[in-house]
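# Structure at a glance
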Number of protein chains: 2
Amino acid sequence: MLKYVEIADKMEAWIIQKDLAQGEKLPKLAELMELYGVSKSTIVKALEKLENRGLIYQVQGSGVFVRRPKRADHVNLIDNNGFTADLPTHKMSSKVLTLRKVKPSKKVQKLFGDPKEVYEVRRLRYIDNKVLCLEESYFRTDVVSYLNEQIVQGSIFNYVRELGIAIGFSDKYLAVKKLDQKTADLLGVKPADPALTINEIYYLTSGEPFDYSTTTYHYENSKFFIQSNA
Amino acid sequence: MLKYVEIADKMEAWIIQKDLAQGEKLPKLAELMELYGVSKSTIVKALEKLENRGLIYQVQGSGVFVRRPKRADHVNLIDNNGFTADLPTHKMSSKVLTLRKVKPSKKVQKLFGDPKEVYEVRRLRYIDNKVLCLEESYFRTDVVSYLNEQIVQGSIFNYVRELGIAIGFSDKYLAVKKLDQKTADLLGVKPADPALTINEIYYLTSGEPFDYSTTTYHYENSKFFIQSNA
């Protein structure tokens, strides 16, 4: 992991652990450098990262301030950490519907640049034992070479990171629709009930896509937030 | 406007105008410094800003690359530019339903820190003459001191920026629901049809909130995207 990302993670953990409120001022640059034992440029880059994550804001000539803590029951649409990291105060669980290697569909093939096979993972995800969403994912097997039932029961992203695979960024496309009978049955709602569907492409830090997924959310059990500073 | 934001805007305009594709490499740092006539630190900060906006990705030791162009028919959920800037290839228009100064509700009062009055603006927004959304906004009158019918027909954010007011960041909360009769009528859909609702709080660069809005989207006429790198 890059040094400044490591420092950003530490600072984020510190802000959350201290439960700092919106508008609280962080220590000055020099203090942060001493506190974490790193250079000025590493602190500056770590702060940019935290700003990017929506955790702080910087006021020219005035200092660095905390942004309102994330709402614990909302899915964060900006970070790329997965639910398990997003929703730490909730019990997250999964029911695995499908786990197998398949030949990719034309769409996935085009996206991934012609891989011979992909892992197909279909899961129902639960938040505090209530259905949160249906997730259908495709992973390139030349990046994620091994998955089993136990791994996909938990956080696939944590597993991937532990393998040393660096997740870089993601494209997310959102739309609202009325559910078909089959998906409604899986989510435990009625056909034609509303749902938010998110199509996501996850890229490695090298810029290569490695995960394509479609997630359909139970409209009563899901809320989302974005802390933007672009 | 901060120098590096100005350079970031210029580089963004250049990428869009050149219609660069995903994976295309940008000129080296030294070339960019010469091209824009600014220091290394300004270029570095401008690139961070563009990374933040999802327009580029940086690969350690390899260079800076373009991310897939924004989908022209999707509402960008990360930037804070408003629809008029987001959807440049579409004809955006508004029908003003309400424009008046009112005493703020308890909720808005609490958020804004007890202002005496706020502008209430309710608009139907159209994309290519189809209803995109119903938008209900409250602006602090001590920040946005004057609005009229002509201004709120267009982009309020462009107007605000022209006044020299610096918009910093925003919190967005999303949920999917079934529409009530009144909102459904305004959007031209049926009661109980689905909708995405986004509650947004916009802050000045100083960290002060100045705009609170609730936007309810026509589910068939709206699509959204997020390019995340957090």
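Up top you'll find the structure we're talking about.
Here we summarise the structure given alongside this text. Please read these numbers as outputs of a predicted model, since none were measured by experiment.

Quick look at the pattern of salt bridges now. This structure, assessed with the given rule, holds 28 salt bridges over all chains. B:Arg67 is paired through a salt bridge with A:Asp171; the nearest N and O atoms lie 2.6 Å apart. With one member in each of two chains, B:Arg67 in the loop between β2 (63-66) and β3 (75-76) and A:Asp171 in strand β7 (residues 167-178) form a pair that bridges those chains. The residues B:Arg67 and A:Asp171 share a single accessibility class, namely buried. Residues joined by salt bridges that share partners form a network here, namely A:Lys3, A:Glu6 and A:Lys10.

As a further point, take the relation of the copies chain A and chain B. Between the two copies, chain A and chain B, the superposition gives an RMSD of 0.0 Å; the rotation angle is 180° and the shift along the axis is 0.0 Å. Classification of the inter-copy transformation places it as that of a two-fold axis. Taking the C-alpha atom as reference, chain A places A:Pro194 closest to the rotation axis, 2.5 Å from it. Same-surface contact between copies: 100% of interface residues of chain A are shared with the interface of chain B.

Attention now moves to helix α3 (residues 40-52) of chain A. Here α3(A) is 13 residues long and its end C-alpha atoms lie 18 Å apart, about the 18 Å a rise of 1.5 Å per residue gives. Along α3(A), the positions that sit buried rather than exposed are A:Thr42, A:Ile43, A:Ala46, A:Leu47, A:Glu48, A:Lys49, A:Leu50, A:Glu51 and A:Asn52. Tucked into the core, α3(A) has its buried residues touching α1 (3-18), α2 (29-36), β1 (56-59), β2 (63-66) and β10 (224-228) of chain A together with α3 (40-52) of chain B. Backbone geometry just downstream of α3(A) places A:Gly54 in the positive-phi region, at approximately 80°.

A few words now on the interface of chain A and chain B. On the chain B side, the residues contacting the 47 residues of chain A number 47 residues. Summing the contributions of chain A and of chain B, the shared interface buries around 4,300 Å²; its carbon and sulfur component is 54%. Where chain A packs against chain B, one counts 4 salt bridges. At the surface where chain A touches chain B, the tally comes to 14 residue pairs in polar contact (both at pLDDT 80 or more). Those elements giving two or more residues to the side of chain A that touches chain B turn out to be α3, β1, β7, β8 (194-204) and β10 of chain A. It is β7(A) that contributes the most residues to the side of chain A that touches chain B, 10 residues altogether. Tallied by class, residues from the side of chain A that touches chain B come to 19 nonpolar, 14 polar and 14 charged. As defined by bridge partners, β10(A) adjoins strand β7 (residues 167-178) of chain B across 5 bridges and the pair is classed as antiparallel.

Here we come to unusual backbone geometry. A positive phi angle, close to 55°, is found at A:Asp19, a residue other than glycine. Position of A:Asp19 relative to the elements: it lies in the loop between α1 and α2. Even without being glycine, B:Asn129 reaches a positive phi, approximately 70°. For B:Asn129, the position within the fold is in the loop between β5 (118-127) and β6 (130-140). For B:Asn129, a relative accessible area of 54% corresponds to the exposed category.

Residue and element names in this part refer to chain B. The terminal C-alpha atoms of helix α1 (residues 3-18) lie 23 Å apart, and with 16 residues this matches the ideal 22 Å at 1.5 Å per residue to within 8%. The inward-facing, buried residues of α1 contact α2 (29-36), α3, β1 (56-59) and β2. At the C-terminal side of α1, Asp19 shows a positive phi close to 55°.

What follows concerns the packing of aromatic side chains. Residue and element names in this part refer to chain A. Applying the stated criterion across every chain yields a total of 16 aromatic pairs over all chains. Relative to Phe210, the ring of Phe139 lies with its centre 6.4 Å away and its plane at 45°, an arrangement referred to as tilted. Here Phe139, found in strand β6 (residues 130-140), pairs with Phe210, found in strand β9 (residues 209-218); they are 71 residues apart in sequence, far enough to count as distant. Both residues of the pair, Phe139 and Phe210, belong to the buried class. Taking the centre distance of 4.9 Å and the plane angle of 90° together, the rings of Phe157 and Tyr202 count as edge-to-face.

What counts, and where the lines are drawn
- Residues numbered from 1 in each chain as written.
- Chains lettered and ligands numbered in written order.
- Predicted model: local features only at pLDDT ≥ 70, side-chain atom pairs only at ≥ 80, totals over all residues.
- Heavy atoms only, no water.
- Salt bridge = Lys/Arg side-chain N within 4 Å of Asp/Glu carboxyl O.
- Helix = DSSP H or I, 4+ residues; strand = E, 2+ residues; numbered from the N terminus.
- Buried < 20%, exposed > 50% of the residue type's maximum accessible area, 1.4 Å probe, protein only.
- Least-squares fit on C-alpha atoms with pLDDT ≥ 70 in both.
- Contact = heavy atoms within 4.5 Å.
- Expected span 1.5 Å × (residues − 1).
- Buried area = accessible area lost by both parts, 1.4 Å probe.
- Polar contact = N/O pair within 3.5 Å; in protein donor to acceptor, adjacent residues only side chain to side chain.
- Nonpolar A, V, L, I, M, F, W, Y, C, P; charged D, E, K, R; others polar.
- Pairing = 2+ DSSP bridges.
- Phe/Tyr/Trp six-rings, centres within 6.5 Å; stacked < 30°, edge-to-face > 60°.

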